[in-house]
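# Observations on the three-dimensional arrangement
Each chain, written out:
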Amino acid sequence: MRHTAIRVLALALFATLVAGSASAFVLLSPARTWDCAPNIIVDNRGQSSITDSDGGVSATVSAITSNQAWNGAVNGVLTAQAGSMSSYALGDGVPMLNFQDPINACKGSCLAATFIGYYEQRSDGSYRIFDADIVTNGRYSWTTQSEPDGCSSEFYIEGVQVHEVGHVLGLGHTNVTGATMYPSVSSCNNGPATTENDDEAGLQALYGNGSFPYCGGEPPPPPGGCDLLPSGASCTENSECCSGNCKGRPGSRTCK
Amino acid sequence: MKRALAVCLFALIVAAAVPASASIFVAMDRAELVAASQAVVVGQVVGARSFWNEDATAILTEAVVRVDETVAGAAPRFVTVRTFGGTVGSLRIEAHGFPTFREGQRMVLFLDGVGAIAEVVGYQQGQYRIVTRASDGIDVAVPSVDGGATLVRMDGSRAERPRAMALSALVESIRTAAGESRTLQNRQVDR
């Protein structure tokens, strides 16, 4: 009897681990999306430790907009361009990726920090992101795939920033090893620059096919008039959701 | 039998726990934290306020901490500690992986800049919250490091997250690390 119970629990543990590794993307809580595809301004000064032609600016813009990354999962989910950081401010509605740290927040042991607290509730109960900003610590050595001298105990700016932009778009950390949103960075490993199935499933859960229904104003109620919470909104019980399906762990449950 | 069940249930809970967001930090072990700190204190947050910085580019939070015990270094009776993030009006800035403060919280803090506005060394790595265990009344130091922080080592390997321990054990290990750090500094001066 005793051994049987232990075997059953061990099996349950194994099943949990297997299920967890199969699909484990995590959305920020509460689940939130941009109304329209964000246009991320990438610091046109570049990163001083990067010795490619423009300090990693083109490499970063290219990596975060690549079809190997988020735009491959949801077509047109973001755009990016090089630009000035002179108006850099948290909470101003302009998402920026800064190669320096004008607010002096990321120093010492901090490599890169993303500020993602800017969101508000829409009238239908879902949440909109209205700003997110990234800063990086120039004290550490960064590199790109196009650096002529290769990589030596450096961090690839492409991989780190594709990961951080995942947070900008509304994704949390996954427990799927090898995924871009896995919370681990290896020096001289640019794997995170290419998204994996788990990352793509997470982004699609937020943005579907990339139609951005809230862009240009909130959409009219759907035919049939469900005025309950839509897919992705935070919920506490099934009766709050249009789908009638409120799933997740207590404190971070969302309508499916 | 109960023990086996408890172990399995604990493992299930751990397996289900998934971290949930954003910034990247180089891991610091206890000796590195102590060496980088002007003071390590045990104290209680007696006040906290959030405000926009002068340039209106970021929300900061300053907490006043009453120092109940100085474990290493030297600190005044009250220390003002600053961190990024907080809420002003309807706007909330979450600086993931950064220390946070709430009035009434007891904590162990590794501090730099205690002569003016102090900062926590190593971000969340330098902050432990103190919780009194209901079953035996023992104070436990719980690391603040949460899912918002990704810790890395400079060689690229993934770092171990700090673990909760009895406050007395943490204090003892800090004192040991501080003693070793002082010995090392003296040796370097002797040379």
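Remember, predicted model here, so these are calculated numbers, not experimental data.

Parameters at a glance
- Along every chain, residues carry numbers that run from 1 in the direction the sequence is written.
- Chains and ligands are labelled sequentially in the order written, the chains with letters from A and the ligands with numbers from 1.
- Predicted model: local features are reported for residues with pLDDT of at least 70 only, side-chain atom pairs are reported and counted for 80 or more only, and whole-chain, interface and lining totals are derived from all residues.
- What counts as a helix is a DSSP run of H or I of at least four residues, what counts as a strand is a run of E of at least two, and both are numbered from the N terminus.
- Three classes are used. A residue is buried when 20 or more other C-beta atoms lie within 10 Å of its own, exposed when 12 or fewer do, and partly exposed in between, with C-beta atoms placed from the backbone.
- Once C-beta atoms have been placed from the backbone, residue pairs whose C-beta atoms lie within 7 Å are recorded as contacts.
- Looking at any residue, its pLDDT shows the predictor's confidence there, from 0 to 100.
- Domain start and end points were adopted from an automatic or database domain assignment.
- Polar here means any residue other than Ala, Val, Leu, Ile, Met, Phe, Trp, Tyr, Cys and Pro, which are nonpolar, and Asp, Glu, Lys and Arg, which are charged; Gly is therefore polar.
- Axes, fitted as lines to C-alpha atoms, cover a helix only where it is in contact. Angles between the N-to-C directions of the axes lie from 0 to 180 degrees.
- Angle categories are assigned with fixed cut-offs, so that under 35 degrees is roughly parallel, over 145 is roughly antiparallel, 65 to 115 is roughly perpendicular, and the rest are oblique.
- For a crossing to be left-handed, the near helix must be turned anticlockwise from the far one by less than a right angle; the clockwise case is right-handed.
- Strand pairing follows a simple DSSP-based rule, namely that at least 2 bridges must link the two strands.
- To estimate the expected span of a helix, count its residues, drop one, and scale the result by 1.5 Å.

A few words now on the overall build of chain A. Helix and strand content of chain A: five helices and 10 strands. Within chain A, the fraction of its 256 residues that count as buried is 44%. Of the contacts formed within chain A by residues at least 6 apart in sequence, a portion of 65% connects residues at least 24 apart.

Per the secondary structure count, chain B includes three helices and 12 strands. Counting only residues that meet the buried cut, chain B has 37% of its 191 residues in that class. Summarising the internal contacts of chain B: among those between residues at least 6 apart in sequence, 62% fall at separations of at least 24.

With that out of the way, let us pick up helix α2 (residues 57-65) of chain A. In an α-helix, one full turn covers 3.6 residues, which means residues spaced three or four apart are oriented alike. All names here are of chain A. The element α2 is extensively covered by neighbouring structure, given that seven of its nine residues are classed as buried. Among all positions of α2, only Val 57, Ala 59, Thr 60, Val 61, Ala 63, Ile 64 and Thr 65 are buried. At its buried positions, α2 is contacted by β2 (39-43), α3 (70-73), β3 (79-83), β4 (96-98) and α4 (157-169).

Residue and element names in this part refer to chain A. Residues at a pLDDT of 70 or more form 87% of chain A, whose mean pLDDT is 84. Across chain A, the secondary-structure element scoring lowest on mean pLDDT is helix α1 (residues 2-22), at 46, and the one scoring highest is β3, at 98. pLDDT under 50 marks residues 8-21. Its contacts with residues more than four places away, or in other chains, come to 15 contacts.

By the assigned domains, chain A splits into domain 1 (32-207) and domain 2 (227-256). When its residues are assigned to classes, the side of domain 1 of chain A that touches domain 2 of chain A shows two nonpolar, three polar and one charged.

Moving on to unusual backbone geometry. Residue Pro 30 of chain A follows Ser 29 of chain A across a cis peptide bond; omega there is 0°. As for its placement among the helices and strands, Pro 30 of chain A is situated in the loop between α1 and β1 (32-34). Although it is not a glycine, Ser 153 of chain A sits at a positive phi angle of roughly 50°. Looking at the element boundaries, Ser 153 of chain A is found in the loop between β7 (142-143) and β8 (155-156). A residue is classified by how many C-beta atoms lie within 10 Å of it, and Ser 153 of chain A, with 12 of them, is exposed. One non-glycine residue, Tyr 123 of chain B, lies in positive phi territory at about 55°. Following the sequence through the fold, Tyr 123 of chain B ends up in the loop between β8 (117-120) and β9 (127-132).

The next subject is the packing of α2 of chain A against α4 of chain A. All names here are of chain A. Packing of α2 against α4 leaves a shortest axis separation of 9 Å and a crossing angle of 45°. Our classification of the angle between α2 and α4 gives oblique. The two elements α2 and α4 cross, and the hand of that crossing is right-handed. Residues Ala 59, Thr 60, Ala 63 and Ile 64 of α2 pack against Ile 157, Glu 158, Gln 161, Val 162 and Val 165 of α4. Looking at the contact of α2 with α4, its residues break down into six nonpolar, two polar and one charged.

Bringing the pairing of strand β6 (residues 127-136) of chain A into the picture now. Residue and element names in this part refer to chain A. Judged by how many residues are buried, β6 sits mostly within the fold: seven of 10 residues are covered. Strand direction decides the pairing type here: β1 and β6, joined by three bridges, are parallel. Looking across to β6, one finds that Arg 32 is bridged to Tyr 127. In the sheet, β4 pairs with β6 via three bridges, with the strands oriented parallel. Each residue of the ladder has a partner; that of Met 96, found in β6, is Asp 133.

This next bit is on the environment of Ala 113 of chain A. Considering the arrangement of structural elements, one finds Ala 113 of chain A in strand β5 (residues 110-121). Residue Ala 113 of chain A is classed as buried on the basis of its 30 C-beta neighbours within 10 Å. When the C-alpha atoms of Ala 113 of chain A and Pro 30 of chain A are compared, they prove to be 20 Å apart, with 83 residues separating the residues in sequence. Once residues lying within four places of it in the same chain are set aside, the contact partners of Ala 113 of chain A are Ala 105, Cys 106 and Val 135 of chain A together with Ser 23, Ala 95 and Gly 97 of chain B.

Residues and elements named next belong to chain B. Judged from the five bridges that link them, β9 and strand β10 (residues 139-143) form a sheet pairing that is antiparallel. The residue of β10 that forms the bridge with Val 131 is Val 140. In terms of strand pairing, β10 meets strand β12 (residues 165-166) through two bridges, oriented antiparallel. Considered in β12, the bridge of Val 140 is made with Ala 166.

As a further point, take α4 of chain A. All names here are of chain A. With 13 residues, α4 extends 18 Å from end C-alpha to end C-alpha; this agrees with the ideal 18 Å at 1.5 Å per step. The buried fraction of α4 amounts to 13 of the 13 residues, a majority that puts the element mostly inside the structure. The first or second residue beyond α4 is Gly 170, which carries a positive phi of 120°.

In this section: the confidence of the model for chain B. Residues and elements named next belong to chain B. When pLDDT is averaged across chain B, the result is 83; 80% of the residues are at 70 or more. In this model residues 187-191 is a low-confidence stretch, pLDDT under 50, and it forms zero contacts with partners more than four residues away in sequence or in other chains. What the predictor reports for the complex is a pTM of 0.73 with an ipTM of 0.73.

A word on the environment of Asp 139 of chain B. Residue and element names in this part refer to chain B. Inspection of the secondary structure puts Asp 139 in strand β10. For the pair Asp 139 and Arg 82, spaced 57 residues apart in the sequence, the C-alpha separation amounts to 25 Å. Residue contacts for Asp 139: discarding those within four places in its chain leaves Ile 130, Thr 132 and Leu 167.

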